[in-house]
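# Observations on the three-dimensional arrangement
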Amino acid sequence: MTANINRRALLRGGAGLAGFGISAALLAACGDDSSPSSSASSGTKSFGALNYQLSWVKNVEFAGAYIADTKGYYTAAGFSSVNLMAGGPSVSQDAVVASGKALIGISSPDITAAAILKGAELVVLGAQYQKNPFAIVSLAETPINTPQDLIGKKIGVQATNEPVWTAFLKANNLDASKITKVPAQFDPSPLVSKEVDGWFSFFTNEPNLLKMKNVETVSMLLNDHGYPLVSEVYVAKKSSLTEDRDKIKAVLIADIKGWTDSIADPKLGANLAATKYGKDLGLDEAEQVLESTAQNTVVQTDDTKANGLFTITDELIDETIKTLALGGVTITKDQLFDLSVLTEVYTENPALKAAS
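These numbers come from a predicted model, not from an experiment.

### Some thoughts on the overall build of the protein
The number of helices and strands found in the protein is 18 helices and 11 strands. Expressed as a percentage of its 356 residues, the buried residues of the protein come to 56%. Long-range contacts, defined here as pairs at least 24 residues apart, represent 83% of the contacts in the protein between residues at least 6 apart. Of the roughly 14000 Å² of accessible surface on the protein, a fraction of 50% belongs to carbon and sulfur atoms.

Below you can see the structure in the form of C-alpha cells.
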C-alpha cells in the first residue's frame, strides 16, 4: 500500500458495497492504531475501547483524529483506548460500522445512502467537509474556470469517477458530446504533458502533488457549480443513538477539539500523518501540509463558525439530497441524516462552538 493510492477509487468504486461484506484480511492489512490508556482521565466515565473506522488510508485527511488521539482528547472523553482503523479501496467503512466492528466511521453520503437503501441501519451524524472535494483541475496557463469552459476540451476522467462526472454535466445542462472524455488513471501526468486540458481530481490531492513539482494549477470545485454535497460524514448505527449515545457524543467532542487544533495549525496533523499514523505510506510531509491547509477551507466555513464544526445547515442538507438524486440515489433527508447528537453536544458544551 502506497501513498499514491487514490481515494476516488473508494468513493465511486464502492467495492465494499458488493454484497455489503467485510474482508477481515483487508482490514488487517490496512492496519490499525490502538492507543492504550489505563483509564479515562476524566475519572467519571469509562467507555472502554473506541473502534473508529476511517474512510481511507492514514494520510492527513484524518488530521483531527490523529491530534485528538495524540493529545488524549478521546481518553479525556472517557475511552480507555483508541483504535483508528484504516480504510482502503476494498474496505467498506459503512459495512464495518453496520456490523458493529466500529462504533463510528467516516464515509461519503452517496456510499452511506446506497447502503441505507440496501437495508443498512445507518445514519449520518454530521460532516467534516462542508463541500465535496471533487474538482476539475487545469494548468494555470490555460485555466478552466466555469463549466462552460469545458466545451471543446479534453478532460481526463477515471472510470470510478464517471458517475460524478455524468451527474455534474447533468446539473449544468452540458452536452457530453461537446466535451471529449479521456479515460484516465490517477497519475495526472497527461495534464502536465497537455494530452488533456483538464483532470478530474480532489482539489486537496493532485493540485498539491503537482505544486510540489512546481506545476501551477487552477481548481474548479464541482461543489461551487451545481454539485453541492457534504463529504467526510460521520456514520453510526441507528441503534447506537439510543444504546451508545454518550459514547457517540464523546467521540464528536474529541474530534471537534482535534479539528479545532488542526485548523489552528495545519502542520500538526500533517506531521502526525507522515511520521506516525501513515509512516508506512511514504508520505511527503510538506505535501501533507498543503493538503491539510486546503482541506481546512472546507472544514471551517462561515456556517461552521456560526454553528460549530461538523454541523450541516438545513439548506445544505436539501442540496445534498438533490445532488444525490442527480446521480441516481433517491433518498429522503430523514432517512439519511440525524444531527440530534451533534446538536446536544453543542448545547451541553457551548465552549466548543466558540473554539471552532
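### Description of the packing of aromatic side chains
The tally for this structure, following the rule as stated, stands at seven aromatic pairs. Relative to Tyr 74, the ring of Tyr 52 lies with its centre 6.3 Å away and its plane at 75 degrees, an arrangement referred to as edge-to-face. With Tyr 52 in strand S2 (residues 48-53) and Tyr 74 in helix H4 (residues 73-77), this pair connects stretches of sequence that are 22 residues apart. Tyr 74 shares its class with Tyr 52; the two are buried. Ring-pair connections join several aromatic residues into one group, and the members of that group are Phe 134, Trp 165, Phe 200 and Phe 202.

### Thoughts on the sheet that holds strand S6 (residues 134-139)
Spatially, S8-S7-S9-S6-S10 is the arrangement adopted by the five strands of the open sheet, whose pairing is mixed. Among the strands making up the open sheet, the edge pair consists of strand S8 (180-184) and strand S10 (217-221). Strand-to-strand twist of the sheet, defined as the mean angle between neighbouring strand axes without regard to direction, takes the value 35 degrees. Strand direction decides the pairing type here: strand S7 (residues 154-158) and strand S9 (residues 198-202), joined by two bridges, are parallel. Bridged to Gly 156 within S9 is Trp 199.

### A closer look at the packing of helix H3 (residues 63-70) against helix H11 (residues 245-264)
Where H3 meets H11, the axes come as close as 7 Å, and the angle between the chain directions of the two elements is 110 degrees. Our classification of the angle between H3 and H11 gives roughly perpendicular. Contacts between H3 and H11 involve Ala 63, Gly 64, Ala 65, Ile 67 and Ala 68 from the former and Ala 254, Asp 255, Gly 258, Trp 259, Asp 261 and Ser 262 from the latter. Looking at side-chain class alone, the contact of H3 with H11 contains six nonpolar, three polar and two charged residues.

### Some thoughts on the pairing of strand S5 (residues 122-129)
Put simply, side chains in a regular strand alternate between the two faces of the sheet. In terms of burial, S5 is largely enclosed, as eight of its eight residues are buried. As judged from the six bridges shared by S5 and strand S11 (residues 231-237), these two strands associate in the antiparallel manner. The partner of Gly 126 across the bridge, within S11, is Tyr 234.

### Structural notes on helix H6 (residues 109-117)
Among the nine residues of H6, eight are classified as buried, and the element is accordingly described as predominantly covered. Within the sequence span of H6, burial applies to Pro 109, Asp 110, Ile 111, Thr 112, Ala 113, Ala 114, Ala 115 and Ile 116. Of the residues trailing H6, Gly 119 is marked for its positive phi of about 110 degrees.

### Considerations on the confidence of the model for the protein
On average, the protein scores 90 in pLDDT, and the residues at 70 or more come to 88%. Across residues 1-5 the pLDDT falls below 50, and counting only partners more than four positions away or on other chains, this stretch makes 10 contacts in the model. Low pLDDT (under 50) marks residues 8-31, which in the prediction has 69 contacts with non-local residues, meaning those over four places away or in another chain.

### Let's talk about unusual backbone geometry
Here Asn 214, not a glycine, exhibits a phi torsion of approximately 65 degrees, which is positive. A positive phi angle, close to 50 degrees, is found at Glu 232, a residue other than glycine. With respect to the helices, strands and loops of the structure, Glu 232 is situated in strand S11. Here Glu 232 falls in the buried class, since its relative accessible area comes to 0%.

### Description of the nonpolar core
Counting residues in each nonpolar core, the largest one holds 58 residues, and the members touching the most others are Tyr 52, Tyr 74 and Tyr 234. At nine residues, H11 tops the list of elements feeding residues into this core. Setting aside residues up to four positions removed in sequence, Tyr 52 forms contacts with Tyr 74, Asn 83, Leu 84, Met 85, Ala 102, Ile 104, Ile 106, Gln 128, Tyr 234, Val 251 and Asp 255.

### Digging into helix H17 (residues 340-348)
For H17, the full list of buried residues reads Val 341, Leu 342, Val 345 and Tyr 346. Around the axis of H17, the buried residues are gathered within 135 degrees of arc, so they sit on the same side. Buried residues along H17 sit in contact with S5, helix H10 (240-243), H11, helix H14 (302-307) and helix H18 (350-355).

### Focus on the pattern of salt bridges
Under the criterion given, the structure shown has nine salt bridges. With its nearest N and O atoms 2.8 Å apart, the salt bridge here joins Glu 344 to Arg 245. Taken together, the residues span a long stretch of sequence, with Glu 344 in helix H17 and Arg 245 in helix H11 at a distance of 99 residues. Residue Arg 245 is classed as buried on the basis of its relative accessible area of 19%. Between Lys 249 and Glu 348 there is a salt bridge, and its shortest N-O distance comes to 2.9 Å. In this pair, Lys 249 is assigned in helix H11 and Glu 348 in helix H17, connecting sequence segments 99 residues apart. Salt bridges sharing common partners tie together Arg 245, Lys 249, Glu 344 and Glu 348.

Rules and cut-offs
Residues numbered from 1 in each chain as written. Predicted model: local features only at pLDDT ≥ 70, side-chain atom pairs only at ≥ 80, totals over all residues. Heavy atoms only, no water. Helix = DSSP H or I, 4+ residues; strand = E, 2+ residues; numbered from the N terminus. Buried < 20%, exposed > 50% of the residue type's maximum accessible area, 1.4 Å probe, protein only. Contact = heavy atoms within 4.5 Å. Areas by Shrake-Rupley, 256 points an atom, 1.4 Å probe, with all protein chains shown as cover. Phe/Tyr/Trp six-rings, centres within 6.5 Å; stacked < 30°, edge-to-face > 60°. Pairing = 2+ DSSP bridges. Axes fitted to C-alpha atoms, helices over the stretch in contact; angles between N-to-C directions. Parallel < 35°, antiparallel > 145°, perpendicular 65-115°, else oblique. Nonpolar A, V, L, I, M, F, W, Y, C, P; charged D, E, K, R; others polar. pLDDT = per-residue confidence, 0-100. Core = buried A, V, L, I, M, F, W, Y, C linked by side-chain atoms within 4.5 Å. Arc of directions from axis to C-beta. Salt bridge = Lys/Arg side-chain N within 4 Å of Asp/Glu carboxyl O.

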